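Here is what each chain is made of, one letter per residue.
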Amino acid sequence: MSDRDRLLELINQIAVVRGKVILSSGKEADWYVDLRRVSLHHEAAPLIGRVLLEATSDLEYDVVGGLTLGADPVATSMLHAAAAQGRALDACVVRKEQKKHGMQRRVEGPGVEGRRVLAVDDTSTTGGSVLQAVDALREAGAEVVGVALIVERGARQAVTDAGLELRTAYTTDDLAV
């Protein structure tokens, strides 16, 4: 079984939740994809890294990251998968707001200024969170080369309207909902 097929199987088994939920956008949905159930899972996390590296293989970047909390395990999975392939790839964390103490950064990690960054998230319905991360990355001096999601749930238009390439492992059509 391919990495992509096995990851989809795990998403459908442990991350798809049925029932009324309120999304971060404020919209109500009849189902939810709780991707932290897979992005923090012992078998699925390495798969996420390999699948997203493959999905973004046509893009040039040396840093991955996005808005905490959904993006953190995605970026870390990609960092580790790249290292296993002998590729140098750093990760960063974008805070929801600038830190008020210490280094007072909004973007944490090895630094993104002057670097090519791929903004990532686990899933997105409106594009709001990942585009917020894109803005913060650009403010920190990064060149954002695109966006990658495990599951695209409706954000494609917002991301492409922002002039960004979008790569996804899956769309909602791939899920067992």
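Quick caveat, the model's predicted, so the values are computed rather than measured.

Asker: Can you break down the pattern of salt bridges residue by residue, with the values?
Answerer: Overall, the coordinates contain 13 salt bridges when judged by the stated rule. A salt bridge links K20 to D30; its shortest N-O distance comes to 2.5 Å. One end of the pair, K20, is in strand 1 (residues 16-22); the other, D30, is in strand 2 (residues 28-33), and 10 residues separate them in sequence. On the basis of relative accessible area, K20 is assigned to the exposed category, the value being 59%. Ionic pairing is found between R116 and E143, a salt bridge with its closest N-O pair at 2.8 Å. Highlighted residues: R116 in strand 6 (residues 116-124) and E143 in strand 7 (residues 143-152), separated in sequence by 27 residues. On the basis of relative accessible area, R116 is assigned to the partly exposed category, the value being 31%. A single network of salt bridges, built from pairs that share partners, joins R6, E9 and E43.

Asker: Talk me through the packing of helix 3 (residues 44-55) against helix 4 (residues 71-84); I want residue IDs and the actual numbers.
Answerer: Packing of helix 3 against helix 4 leaves a shortest axis separation of 7 Å and a crossing angle of 75°. On the basis of the axis angle, helix 3 is roughly perpendicular to helix 4. Taking contact as the criterion, the partners of A45, I48, G49, R50, L52 and L53 in helix 3 are, on helix 4, V74, S77, M78, A81 and A82. In terms of residue class, the contact of helix 3 with helix 4 is built from 8 nonpolar, 2 polar and 1 charged.

Asker: Tell me about the packing of aromatic side chains, and please be specific about residues and values.
Answerer: Two aromatic rings, taken as a pair, are described by how far apart their centres are and by the angle between their planes. As enumerated under the stated definition, the model contains 0 aromatic pairs in all. The lysine or arginine in question, R87, covers the ring of Y61, its NZ or CZ lying 4.6 Å from the ring centre. We note R153 situated over the ring of W31; from NZ or CZ to the ring centre the distance is 3.8 Å.

Asker: Lay out helix 1 (residues 3-15) in plain terms, naming residues and giving numbers.
Answerer: Taking 1.5 Å of rise per residue, the 13 residues of helix 1 would be expected to cover 18 Å, and the 17 Å separating its terminal C-alpha atoms lies within 8% of that figure. Taken as a whole, helix 1 has its buried residues at R6, L7, L8, L10, I11 and A15. Along its buried surface, helix 1 packs onto strand 1, strand 2, helix 2 (36-39), helix 3, strand 7 and strand 8 (166-171).

Asker: Describe the sheet that holds strand 5 (residues 107-108), with residues and values.
Answerer: By definition, the strands of a sheet pair up through backbone hydrogen bonds, in either a parallel or an antiparallel sense. The 6 strands are arranged 5-4-3-6-7-8 in an open sheet whose pairing can be described as mixed. The sheet is open, and its two borders are formed by strand 5 and strand 8, each paired with just one other strand. Where strand 7 meets strand 8, 5 bridges bridge the pair, whose relative direction is parallel. Bridged to E152 within strand 8 is T171. Its contacts with the sheet put helix 5 (residues 128-139) on strand 3 (63-67), strand 4 (90-94), strand 5, strand 6 and strand 7, and the angle it makes with strand 6 is roughly 160°.

Asker: Explain the nonpolar core to me, and be specific about the residues and the numbers.
Answerer: Counting residues in each nonpolar core, the largest one holds 36 residues, and the members touching the most others are I11, Y61, V64, M78, V120, I150 and Y170. Looking at this core, the elements with two or more residues in it are helix 1, strand 2, helix 3, helix 4, strand 6, strand 7 and strand 8. The next biggest cluster of nonpolar side chains, apart from the first, holds 22 residues, and it includes V107, V130, L131 and V147.

Cut-off values and rules
Residues numbered from 1 in each chain as written. Predicted model: local features only at pLDDT ≥ 70, side-chain atom pairs only at ≥ 80, totals over all residues. Heavy atoms only, no water. Salt bridge = Lys/Arg side-chain N within 4 Å of Asp/Glu carboxyl O. Helix = DSSP H or I, 4+ residues; strand = E, 2+ residues; numbered from the N terminus. Buried < 20%, exposed > 50% of the residue type's maximum accessible area, 1.4 Å probe, protein only. Axes fitted to C-alpha atoms, helices over the stretch in contact; angles between N-to-C directions. Parallel < 35°, antiparallel > 145°, perpendicular 65-115°, else oblique. Contact = heavy atoms within 4.5 Å. Nonpolar A, V, L, I, M, F, W, Y, C, P; charged D, E, K, R; others polar. Phe/Tyr/Trp six-rings, centres within 6.5 Å; stacked < 30°, edge-to-face > 60°. Lys NZ or Arg CZ within 6 Å of the ring centre and 35° of its normal. Expected span 1.5 Å × (residues − 1). Pairing = 2+ DSSP bridges. Core = buried A, V, L, I, M, F, W, Y, C linked by side-chain atoms within 4.5 Å.

In short, the description is geometric, and any link to function would need to be established separately.
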